[in-house]
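Listed below, chain by chain, are the residues.
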Amino acid sequence: MQNQEKALEVSLEALTNRVQDLKTSLIAFLEKLEREHETLKWTAVLNNFALLSGQINMLSKVLKSDKTPALRNLVLLPLKLSQDRDEELEKMTEGRVPAFNHEVVPNYLRTKAEPEVEARELQLKQKAATITPEQAQQKQINSMNKLVTRLLDMVSSAKDDWDGDGAMRLGNLGNSNHSDTTTLVSAVTIGRNLKPIRPPVQGQHNVPGPPGGPPLSQQQRPEQHVPMGKAPSAIKTNIKAGSSSHPYGHR
């Protein structure tokens, strides 16, 4: 008996923790939808749904675990009813139940739905039983076709609006600018606003130099290279080759 009570206590604690995590995630998601609905992205919404789905799956695994006793076989009975305010109960229920009295017990400890809800559920079950699978499939197809048609109409309407706005913007822009045309004609005819070309300095000829370097007029030409400490010679020498004076002549 003690082992069963201990297992039940451990199972209830695990269920309470899982439910509390799920509740915290739901509150955070609802606050985000309320405060950030204008800037919230679809990827963030999908991430929150994935988180909630994972927590619900974990709660289902705890309920279906072999270590969890069958809660449906247990009976929950109120041991004490009081009209006085219970601070601990109010703290546990976050202010929803200030006192455990005869007014709240039927709602919180009920195991069946209200008679009106049960009657409505029974009507829906009877109506669903009269519909054949073919009729249900045809209804689904019609609903999907109606939804797709509505989406296509919305897309076509938006496309027409975009095309009209684009044509209006192009019409406002025009094909030419009078000021730019006048400037271009003045530059071609009379050279207005063009940068003048400076004439070269007299006596200086710019010879193209190697790629990436300055012209040879700004470099030292090869034929004008004079070694340091030597003056150019003005004496011309003419040497004639002769058979008598050549040291290696044939005898």
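The model shown is predicted, which means the values in this text are computed figures rather than measured ones.

K.L.:
Which residues make up the confidence of the model for the protein, and what values do they have?
P.N.:
Confidence in the prediction of the protein, expressed as mean pLDDT, is 78, and 73% of residues score 70 or more. Mean pLDDT across the elements of the protein ranges from a minimum in helix α6 (residues 133–173), with 82, to a maximum in helix α2 (residues 42–64), with 92. Predicted confidence for residues 216–227 stays below pLDDT 50, and this span has 14 contacts to residues more than four positions away or in other chains. Across residues 239–244, where pLDDT falls below 50, the model places zero contacts with residues more than four positions away in sequence or in other chains.

K.L.:
Requested: an account of the pattern of salt bridges, with residues and values cited.
P.N.:
One pass over the structure, following the stated rule, counts five salt bridges. One salt bridge connects E94 with K23, and the closest N-O pair in it is separated by 2.6 Å. Placement of E94 in the loop between α3 (87–92) and α4 (105–108) and of K23 in helix α1 (residues 2–35) is noted, with a sequence separation of 71 residues between them. By relative accessible area, which is 23% here, K23 ends up partly exposed. Here E121 ties to K125 by a salt bridge, and the two come within 3.6 Å at their closest N and O atoms. You can see E121 and its partner K125 sitting in helix α5 (residues 115–130), four residues apart, about one turn around the helix. Looking at E121, the relative accessible area reads 40%, which means it is partly exposed. Linked by salt bridges that have partners in common, K23, E94 and R96 make up one network.

Cut-offs and rules
Residues take numbers from 1 onward in each chain, read along the sequence in its written order. A pLDDT threshold of at least 70 governs which residues receive local features in this predicted model, and a stricter bar of 80 or more applies before side-chain atom pairs are shown or counted, although totals over entire chains, interfaces and linings include all residues. The basis for every side-chain value is the complete set of non-hydrogen atoms in the structure, without hydrogens or water. Per-residue confidence from the predictor is given as pLDDT, running between 0 and 100. A helix here means a DSSP run of H or I that spans at least four residues, while a strand means a run of E at least two residues long, and both kinds are numbered starting from the N terminus. Here, residues are in contact when the closest pair of their heavy atoms is within 4.5 Å. When a carboxyl oxygen of Asp or Glu is within 4 Å of a side-chain nitrogen of Lys or Arg, the pair counts as a salt bridge. Between buried and exposed lies partly exposed: a residue is buried under 20% and exposed over 50% of the maximum accessible area for its type, with that area taken using a 1.4 Å probe on protein chains only.

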